[in-house]
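A closer look at the structure
In case you want the letters, here they are:
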Amino acid sequence: MPLIQVNNLAVQFSKRKVLKNINLTVEEGSVTAIVGPSGSGKTTLLRTLNLLQTPSEGSVEVAGVQVEANKLNKAVTRQIRAQSTMVFQQFNLFKNLTALENVMSPLIYNKVATFDEAKAQALKVLRDFDLEKIADQYPVTLSGGQQQRVSIARAIVSKPKVVLFDEPTSALDPEMVSGVLNAIAKLAKQHITMVIVTHEIEFARQIADQAIFVEDGEILAQGPANEILSSTGSGRIADFVNSLENRGQPETANVVEGHTPTNQHRFKVISNRQSVATGIQANQ
Amino acid sequence: MTFSWSYFIGLFPQLIKYIPLTLIMAVVAMLISVVLGGLLTLVQLYAARPFQLLVKLYVSFFRGIPTLVLLFIVYYGLPEISPVFKGVSALTAAIAGLGVKESAYLIEIFRAGIASVDQGQIEAGEALNFSFVRIFTSIVLPQAALNALPATGNTFVSLLKETSLAFALGVTEIFADGKLLASASLRFFEVYVAVGLIYWVMIIIYTWLQKRVEERLSRPYRRVVADAINSSEQSSSAV
């Protein structure tokens, strides 16, 4: 059953169309990866799904709530947002609240739980992500990886139908990445519907059911993740996938992942990510 | 005439009797300016364009005229325009005038404080489907208030000193009393230095208090302090 349906969507910034003719469907319980070069419009696409970005044409439907670009208003915007939450590249935790209070906030501010219920639920989610011991710390005292895991906890505590991820690991130090990817992988196993904008191709290949390749504001390809994100073959997408997999390495060196003798740091990071990926496989 | 220490020291018991009046003027004027400035900041940020322009005009006017002129307009000028203002006492007029004047400065300070809260947190609130009022009161305001606190404190410091202008409306506060004492004894130097010292000490005490409050409130945002708290908690729990 489709949970998200986007029809003929376009987004315009003053005179420039940054998204055009976007059609996509996200099945309930599935994971969709949106990939593409910087500036292609993938983040804008994600942000239109909860109307942080206003569409100029077309329609968005999330969990049965449909909105037309020309019929936007406050009420329908909040109805759409009630269906989904978002995890941001820069975490965007509320700096005046502790980690626990951040996770409690969706339950309390949207009046879906009492204080005690909210606290119990929030603590449970924090425990699931192994964040219990930092519950009373303020965001500024947390590492980037911890902040991002708290923000994932905050996004899922109210059990939204969809969680949107906007490059959740792009602002992190390399050694923090695997912890956050693990947290996302955990959600995938619980069949929470997710749409993820990411540059972590290997990760996307492992957890995504569907992949969407965006370039110049248009969807260039859409299909099963393992096909779309395949690095074999030729063409624009394979080139892009290859360029991501080889980033940080000399262009001429055609080395196998994880066996880069000249770059110990890179080696460690990749093997981390592979263990994440194989961990998911083993659990499936 | 040489500096008379005995006369100088003898002035203080007389002058400090007026400290409460000065403090009342400053505090009440400050409360007026915070409420007025806060409301007008909201108008400037979120109301329709014509209202925003009116607030701009307000800020420009009250920042642009000398405080003494403003006080004269309020106390001597307004009763001519409307009989409503005829019964207004000099003290009330001084407090109202100072409050309005400082509110114009506070609007700018509050606006900068609100702008300093990063857009990302507001977007996070929107993505979590919080209402506009909720985002403003629970996320933006606490952080904006903290950011605006030092500059707001400076406004209070200048307000405290400007209460001395109330002498010109006939309010007997520290400075006015000093003038009376000086014209009786003709020891101008001793009297005005004593008056100056009293303001200075009040401001030193206030500045110290404000610093304590700032430190307390900014704990969540300061890594070093928070770490110190954590480690002290850990060591105390270890014991």
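Residues numbered from 1 in each chain as written. Chains lettered and ligands numbered in written order. Predicted model: local features only at pLDDT ≥ 70, side-chain atom pairs only at ≥ 80, totals over all residues. Heavy atoms only, no water.

Here we come to the overall build of chain A. If you tally the helices and strands in chain A, you get 10 helices and 10 strands. Expressed as a percentage of its 284 residues, the buried residues of chain A come to 54%. Pairs at least 24 residues apart make up 63% of the contacts formed inside chain A by residues separated by at least 6 positions. In the structure as shown, chain A presents an accessible area of about 12,800 Å², 47% of it carried by carbon and sulfur atoms. (Helix = DSSP H or I, 4+ residues; strand = E, 2+ residues; numbered from the N terminus. Buried < 20%, exposed > 50% of the residue type's maximum accessible area, 1.4 Å probe, protein only. Contact = heavy atoms within 4.5 Å. Areas by Shrake-Rupley, 256 points an atom, 1.4 Å probe, with all protein chains shown as cover.)

What follows concerns the pairing of strand 2 (residues 16-27) of chain A. Residues and elements named next belong to chain A. Note: strand 1 (residues 2-13) against strand 2, eight bridges, orientation antiparallel. Paired with phenylalanine 13 across the two strands is arginine 16, which belongs to strand 2. What sits between the antiparallel neighbours strand 1 and strand 2 is a turn of two residues, in which serine 14 has the positive phi angle 45°. (Pairing = 2+ DSSP bridges.)

Quick look at the packing of aromatic side chains now. Residue and element names in this part refer to chain B. Tallied over the entire structure, the rule returns 18 aromatic pairs over all chains. When the centroid spacing of 5.7 Å and the interplanar angle of 80° are considered together, the rings of phenylalanine 3 and phenylalanine 189 count as edge-to-face. Note that phenylalanine 3 is positioned in the segment before helix 1 (5-15) and phenylalanine 189 in helix 9 (residues 188-217), a separation of 186 residues in sequence. Under the relative-accessibility criterion, phenylalanine 3 is labelled partly exposed at 30%. (Phe/Tyr/Trp six-rings, centres within 6.5 Å; stacked < 30°, edge-to-face > 60°.)

Listed by partner, the interface residues are 27 residues for chain A and 24 residues for chain B. Sorting the residues of chain A by area buried against chain B places Phe94(A), Asn96(A) and Tyr109(A) first, and these three jointly supply 26% of that buried surface. One can count two salt bridges joining chain A with chain B. Put simply, chain A and chain B have eight residue pairs in polar contact (both at pLDDT 80 or more) between them. Residue assignment for the side of chain A that touches chain B shows that the elements contributing at least two residues are helix 2 (74-81), strand 6 (84-87), helix 3 (99-109) and helix 5 (144-156) of chain A. Residue composition of the side of chain A that touches chain B, by class: 13 nonpolar, nine polar and five charged. (Buried area = accessible area lost by both parts, 1.4 Å probe. Salt bridge = Lys/Arg side-chain N within 4 Å of Asp/Glu carboxyl O. Polar contact = N/O pair within 3.5 Å; in protein donor to acceptor, adjacent residues only side chain to side chain. Nonpolar A, V, L, I, M, F, W, Y, C, P; charged D, E, K, R; others polar.)

We now examine the pairing of strand 7 (residues 162-166) of chain A. All names here are of chain A. Counting buried positions over the five residues of strand 7 gives five, a clear majority of the element. Neither face of strand 7 is exposed, since Val162, Leu164 and Asp166 on one face and Val163 and Phe165 on the opposite face are all buried. The sheet contact formed by strand 6 and strand 7 spans four bridges and is parallel. From the neighbouring strand, threonine 85 faces strand 7, where its bridge partner is valine 163.

Residues and elements named next belong to chain A. Packing of helix 3 against helix 5 leaves a shortest axis separation of 7 Å and a crossing angle of 25°. Judged on the interaxial angle alone, helix 5 and helix 3 are roughly parallel. The two elements helix 3 and helix 5 cross, and the hand of that crossing is right-handed. In this structure, helix 3 uses Ala99, Asn102, Val103, Ser105 and Pro106 to contact helix 5, whose residues at the interface are Val150, Ala153 and Arg154. (Axes fitted to C-alpha atoms, helices over the stretch in contact; angles between N-to-C directions. Parallel < 35°, antiparallel > 145°, perpendicular 65-115°, else oblique. Left-handed = near helix turned anticlockwise from the far one by under 90°.)

Let's shift gears to the nonpolar core. With 56 residues, the main nonpolar core has Phe129(A), Ile152(A), Phe165(A), Ile184(A), Met194(A), Ile207(A) and Leu229(A) as its most contacted residues. Sort the elements by how many residues they give to this core and helix 6 (residues 174-189) of chain A lands first, with eight residues. Once residues lying within four places of it in the same chain are set aside, the contact partners of Ile184(A) are Ile152(A), Phe165(A), Pro168(A), Met194(A), Ile196(A), Phe203(A) and Ile207(A). Membership of the second largest hydrophobic core comes to 45 residues, among which are Val162(A), Ile114(B), Val117(B) and Ala144(B). (Core = buried A, V, L, I, M, F, W, Y, C linked by side-chain atoms within 4.5 Å.)

All names here are of chain A. Strands sit in the order 6-7-8-3-9-10 across an open sheet of six strands; the sheet is mixed. Every interior strand has two partners, whereas the edge strands, strand 6 and strand 10 (218-224), have only one. Between one strand axis and the next, the sheet turns by 15° as a mean value, whatever way the strands run. Across the sheet, helix 6 touches strand 3 (31-35), strand 7 and strand 8 (193-197), and the angle it forms with strand 8 is around 145°. Each of strand 3, strand 9 (210-215) and strand 10 is contacted by helix 9 (residues 236-245), which is oriented at about 100° to strand 9, the strand it contacts most.

Here we take up the UniProt feature "transmembrane region" (unreviewed entry) in chain B. Residues and elements named next belong to chain B. In the UniProt entry, the feature "transmembrane region" (unreviewed entry) is given for residues 20-45, 57-78 and 191-209. The span residues 20-45 is 100% helix and 0% strand, and its two end C-alpha atoms sit 37 Å from each other. Taken end to end, residues 57-78 is 91% helix and 0% strand, and its first and last C-alpha atoms sit 20 Å apart. (UniProt positions renumbered as here; feature names shortened; annotations may be inferred.)

All names here are of chain B. Across chain B, the average pLDDT comes to 91, with 92% of residues at or above 70. Within the model, the stretch residues 235-239 combines pLDDT values under 50 with zero contacts to residues more than four positions away or in other chains. We note a pTM of 0.81 for the whole complex and an ipTM of 0.83 for its interfaces. (pLDDT = per-residue confidence, 0-100.)

Residue and element names in this part refer to chain B. Spanning 30 residues, helix 9 covers 43 Å between terminal C-alpha atoms, matching the ideal 44 Å at 1.5 Å per step. When we look at burial in helix 9, the residues that qualify are Glu190, Val191, Ala194, Val195, Ile198, Tyr199, Met202, Ile203 and Gln210. Elements that come into contact with the buried residues of helix 9 comprise helix 1, helix 2 (19-46), helix 7 (132-162) and helix 8 (174-185). (Expected span 1.5 Å × (residues − 1).)

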